[in-house]
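Each chain, written out:
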Amino acid sequence: IPEQKVVLITGCSSGIGLRMAVMLAKDERKRYHVIATMRDLKRKDKLVQAAGDAYGKTLSLAVLDVCSDESVKQCIDGIKDRHVDVLINNAGIGLVGPIESIPIEEMKKVFETNFFGVIRMIKEVMPGMKKRRGGHIIVVSSVMGLQAVVFNEIYSASKFAMEGFCEGLAVQLIAFNVIVSMIEPGPVHTEFELKTIRDVREKEYPGADPDTINYFKNVYLPGAVNIFEAFGQKPDDIAKVRSRADFKVVESSSPRFRNLTNPMYTPIIALKYADETGTLSVHAFYHMLFNMGPLMQVCVTAMKFLSCGFLRRRTISPD
Ligand SMILES: NC(=O)c1ccc[n+]([C@@H]2O[C@H](COP(=O)([O-])OP(=O)(O)OC[C@H]3O[C@@H](n4cnc5c(N)ncnc54)[C@H](OP(=O)(O)O)[C@@H]3O)[C@@H](O)[C@H]2O)c1
């Protein structure tokens, strides 16, 4: 339908991408035609089931591996006039552990997916948007793209890279009426979490000294599980991206550049910008992890309680 916006989403076999695809395809006013992509169509069943009647109408499927030039080109070539109004870069992978035990090749895979994967998509779709003087590029980044987390250095770095890239691109594209937005979720209960935990169980961490392995397995991991349990959001919360009750990234006519989905993280980001030397953040995280391990659970619960009230509506301002 001509007035429908074409929305292309990467990584729709599970989690946030799947829910975004379903939510937009089921839009009551049928404003979107969603091209839900995944690298392996054998994994389509969950999406097809969740899409219900929308499948084949407002939702179609396509193969796309963000790590392959050929696959990206083939997918975009297969779209009528190569016309994409909204590109949602969601596909991504995580990586945790002591860097001593992670081969460089594995680190490169994270950058290949989370950073170059997004750029590969943008390079293919952006020229059409520029020509038509309209479009919206959305990147699912992470809170870890704004504040890195210990033992997630490589994943954080890949999301930081994305944030930096988008800061530059957003400025250039204003002149072409193309909007760039980022979504920065905190923990979300998806396969991402399960894959990470499974990876940790399977790995031996060769090359890392016993103290580092101890910090990772017995200090960091229980804390991370704790935080996931206390603050984890559902993929639907991200699909809606509600920072304010009336705010939605895809549907808004003037979406914000950054969109934190979890108000719990607003104070953490504020802490970073409150002290330009960086010392405050580095030491706060150090004490939180290494000196206050047993206290963490109490803090986490207290912060969760606090966030129900006045923090929930706060956003960061340059002041
Ligand atoms: N879950 C969290 O706590 C969290 C927090 C902040 C940000 N995020 C971000 O949210 C995004 C979605 O993650 P999720 O939580 O929904 O995790 P998920 O359930 O693991 O989904 C990730 C999706 O990306 C796909 N993918 C991976 N590599 C790909 C490739 N080379 N080409 C195409 N698709 C690929 C996966 O496909 P396969 O099924 O083929 O593997 C899967 O569909 C990621 O960018 C992640 O960094 C997640």
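It should be emphasised that the depicted structure is a prediction, and the values quoted were computed from it without experimental measurement.

### Here we look at the nonpolar core
Stage number 1. Counting residues in hydrophobic clusters, the biggest one holds 53 residues, and the most contacted among them are V7, I9, A21, A25, V34 and L87.
Stage number 2. Top contributing element to this core by residue count: helix α1 (residues 15-25), with seven residues.
Stage number 3. The residues contacting A25, other than those within four sequence positions of it, are Y32, V34, A51, A54, T58 and L59.
Stage number 4. Listed in part, the 15 residues of the second largest apolar core include L95, V143, M144 and L146.

### Here's the deal with the packing of helix α4 (residues 104-132) against helix α5 (residues 153-174)
Angle between the axes and distance between the axes are the two parameters that describe a pair of packed helices.
Stage number 1. Where α4 meets α5, the closest approach of the two axes is 9 Å, and the angle between their N-to-C directions is 20 degrees. With respect to α5, the axis of α4 lies roughly parallel. When the axes of α4 and α5 are compared, the crossing they make is right-handed. On α5, the residues that touch M107, V110, F111, N114, F115, V118 and I119 of α4 are I154, Y155, S158, K159, A161, M162 and F165.

### Here's the deal with the pairing of strand β6 (residues 178-184)
Stage number 1. Counted residue by residue, β6 has seven buried out of seven residues, so it is predominantly covered.
Stage number 2. The two faces of β6 match: V178, V180, M182 and E184 on one face and I179, S181 and I183 on the other face are all buried.
Stage number 3. Here strand β5 (residues 135-140) pairs with β6 via six bridges, running parallel. Among the inter-strand pairings, I137 is bridged to a residue of β6, identified as V180.
Stage number 4. A crossover links β5 with its parallel partner β6, the connecting element being α5, and its sense is right-handed.
Stage number 5. Direction of pairing for β6 relative to strand β7 (residues 258-260): parallel, over a ladder of three bridges. Paired with I183 across the bridge in β7 is N259.

### Describing the UniProt feature "active site" (unreviewed entry) in the protein chain
Stage number 1. UniProt marks Y155 with the feature "active site" (unreviewed entry), using the numbering shown here.
Stage number 2. Assessed through the 24 C-beta atoms surrounding it within 10 Å, Y155 is described here as buried.

### Points about the site of the ligand
Stage number 1. Of all residues adjacent to the ligand, which total 30 residues, the nearest are G11, G15, A91, G92 and F192.
Stage number 2. Mapped onto the shell around the ligand, the elements with two or more residues apiece are α1, α4 and α6 (191-202).
Stage number 3. Here the element with the most residues in the shell around the ligand is α6; it accounts for four residues.
Stage number 4. Grouping the amino acids of the shell around the ligand by side-chain chemistry returns eleven nonpolar, twelve polar and seven charged.

### So, the sheet that holds strand β1 (residues 5-9)
Stage number 1. The strand order β3-β2-β1-β4-β5-β6-β7 describes an open sheet built from seven strands, whose pairing is parallel. Either end of the sheet is taken by a strand with one partner, and the two such strands are β3 (59-63) and β7. Each neighbouring strand pair of the sheet contributes to a mean axis angle of 20 degrees, computed without reference to strand direction.
Stage number 2. Looking at chain direction, strand β2 (residues 32-38) and β3 are connected through five bridges and run parallel. Note that in β3 the partner of T37 across the bridge is A62.
Stage number 3. Contacting β1, β2, β3, β4 (86-89) and β5, α1 runs over the sheet at an angle of about 160 degrees to β2.

### Quick notes on the environment of T196
Stage number 1. Structurally, T196 is set in helix α6.
Stage number 2. Of the residues examined, T196 has 20 C-beta atoms within 10 Å and is grouped as buried.
Stage number 3. Sequence-distant contacts of T196, defined by excluding residues within four places in its chain, comprise G94 and V96.

### Quick notes on the packing of helix α9 (residues 266-274) against helix α10 (residues 279-291)
Stage number 1. Relative to each other, α9 and α10 sit at 135 degrees, their axes nearing to 7 Å. On the basis of their axis angle, the class for α9 and α10 is oblique. Of the residues in α10, those touching α9 at L271, K272 and A274 are L280, S281 and A284.

### Description of the pairing of β1
Stage number 1. In terms of burial, β1 is a largely internal element, four of the five residues being buried.
Stage number 2. Alignment of β1 against β2, held across five bridges, turns out to be parallel. Note on β2: the bridge partner recorded for K5 is Y32.
Stage number 3. What joins β1 to β2 is α1, and the crossover it makes is right-handed.
Stage number 4. Both β1 and β4 contribute to a ladder of three bridges, which runs parallel. In the sheet register, L8 faces β4, and the bridge partner there is L87.

### Quick notes on the confidence of the model for the protein chain
Stage number 1. For the protein chain, the mean per-residue pLDDT works out to 88, and 89% of the residues sit at or above 70.
Stage number 2. When the criterion is pLDDT under 50, residues 242-247 qualifies, and its contacts beyond four places in sequence or with other chains add up to six contacts.
Stage number 3. Within the model, the stretch residues 309-319 combines pLDDT values under 50 with 13 contacts to residues more than four positions away or in other chains.

Thresholds applied
Residues numbered from 1 in each chain as written. Predicted model: local features only at pLDDT ≥ 70, side-chain atom pairs only at ≥ 80, totals over all residues. Core = buried A, V, L, I, M, F, W, Y, C linked by C-beta atoms within 7 Å. Buried ≥ 20, exposed ≤ 12 C-beta atoms within 10 Å, placed from the backbone. Helix = DSSP H or I, 4+ residues; strand = E, 2+ residues; numbered from the N terminus. Contact = placed C-beta atoms within 7 Å. Axes fitted to C-alpha atoms, helices over the stretch in contact; angles between N-to-C directions. Parallel < 35°, antiparallel > 145°, perpendicular 65-115°, else oblique. Left-handed = near helix turned anticlockwise from the far one by under 90°. Pairing = 2+ DSSP bridges. Right-handed = clockwise from strand over helix to strand, strands pointing away. UniProt positions renumbered as here; feature names shortened; annotations may be inferred. Near = placed C-beta within 6 Å. Nonpolar A, V, L, I, M, F, W, Y, C, P; charged D, E, K, R; others polar. pLDDT = per-residue confidence, 0-100.

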